[in-house]
Amino acid sequence: MANRGLKISRGPNTIRRLGGDMAAIVVISARHGELEVLLDEGDIGLVSSYHWHVDLRRRVRPEAKKNRSADVDDVFYAATNILDTERGHGRCRLLLLHRLIAGVVDQPRTVVVDHRNRNGLDNRRGNLLVTDASKNGQNNLARGYYFHKQTQKWMARITVDRATIFLGNFRSETEAAQAYRFAKATYHPTATAYLIGGA
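Predicted model, so just to flag it, every value in this text is computed and none were measured.

Novice: Looking at this structure, how should I read the overall build of the protein?
Specialist: Scanning the protein from terminus to terminus reveals 6 helices and 11 strands. Relative to its 199 residues, the protein shows a buried fraction of 36%. Looking at the protein as shown, the accessible area adds up to about 12,200 Å², and 49% of this sits on carbon and sulfur atoms.

Novice: Hey, could you run me through the environment of arginine 157 in this one?
Specialist: Structurally, arginine 157 can be placed in strand 10 (residues 153-160). A residue is classified by how much of its surface remains accessible, and arginine 157, at 36% relative accessible area, is partly exposed.

Novice: Help me understand the sheet that holds strand 2 (residues 22-29), please; the structure alone is not making it clear to me.
Specialist: Sheet strands pair by backbone hydrogen bonding; their relative direction is either parallel or antiparallel. Overall, antiparallel pairing links the 3 strands, which are arranged 1-2-3 in an open sheet. Each end of this open sheet is capped by a strand with a single partner; those strands are strand 1 (14-19) and strand 3 (33-40). Sheet twist, expressed as the average angle between the axes of neighbouring strands with direction ignored, equals 30°.

Novice: Got a minute to help me understand unusual backbone geometry in this structure?
Specialist: For residues besides glycine, phi is generally negative; the peptide bonds are generally trans as well. Positive phi, close to 65°, is recorded for arginine 118, a residue that is not glycine. At glutamine 152, a residue that is not glycine, the phi angle is positive and equals roughly 60°. Position of glutamine 152 relative to the elements: it lies in the loop between strand 9 (145-148) and strand 10.

Novice: What's the story with the sheet that holds strand 10 in this structure? I'm lost.
Specialist: Taken in spatial order, the 3 strands make up an open sheet running 9-10-11, and their pairing is antiparallel. The sheet is open, and its two edges are formed by strand 9 and strand 11 (163-170), each paired on a single side. Pairs of neighbouring strands in the sheet enclose a mean axial angle of 30°, with direction left out of account. As paired strands, strand 10 and strand 11 are joined by 7 bridges and run antiparallel to one another. For tryptophan 154, the partnering residue across the bridge sits in strand 11 and is phenylalanine 170. Seen against the sheet, helix 5 (residues 173-187) touches strand 9, strand 10 and strand 11 and runs at an angle of roughly 10° to strand 10.

About the criteria used
- Residues numbered from 1 in each chain as written.
- Predicted model: local features only at pLDDT ≥ 70, side-chain atom pairs only at ≥ 80, totals over all residues.
- Heavy atoms only, no water.
- Helix = DSSP H or I, 4+ residues; strand = E, 2+ residues; numbered from the N terminus.
- Buried < 20%, exposed > 50% of the residue type's maximum accessible area, 1.4 Å probe, protein only.
- Areas by Shrake-Rupley, 256 points an atom, 1.4 Å probe, with all protein chains shown as cover.
- Pairing = 2+ DSSP bridges.
- Axes fitted to C-alpha atoms, helices over the stretch in contact; angles between N-to-C directions.
- Contact = heavy atoms within 4.5 Å.

Rendered as structure tokens:
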């Protein structure tokens, strides 16, 4: 890669104003090249004194857990290391940009900040949703319909508050998908629009 061996400054990152009240923090990664982290222009003062880097997290897709396959999504988040005054002795902890912008840095990890469009580098306030772990699970790509071999019909179901609701048997995949999308919009109102529209 062209950036391999590039000496990276430990000072604040370059911030680009993109127009339309949007800005981007430029993060240069030896492995992934130059990445832009989106944020609202009004948050520049909040984030500009930190040196941000990308933190790669691997997320196993829900359907891969069932099939025991190694199907994963690589999700990038903007992060920095800060001095942990509670533990002291010069120890650092990871500060994630989306938690800083959402104002939940000191909240317990059960308070989750979800990226509505599932892009961990899009930290505009309109894309961030403060929620809890159970509601965060509503914003996943798992399909709520499947083909049942014994009945030779499509079945749809949805999980609400850890209970599975059976939505019915259908002759076509399209009908099952429509029933699931309707239930998703009804029972999971925090799910992103594209999940409801394209499940």
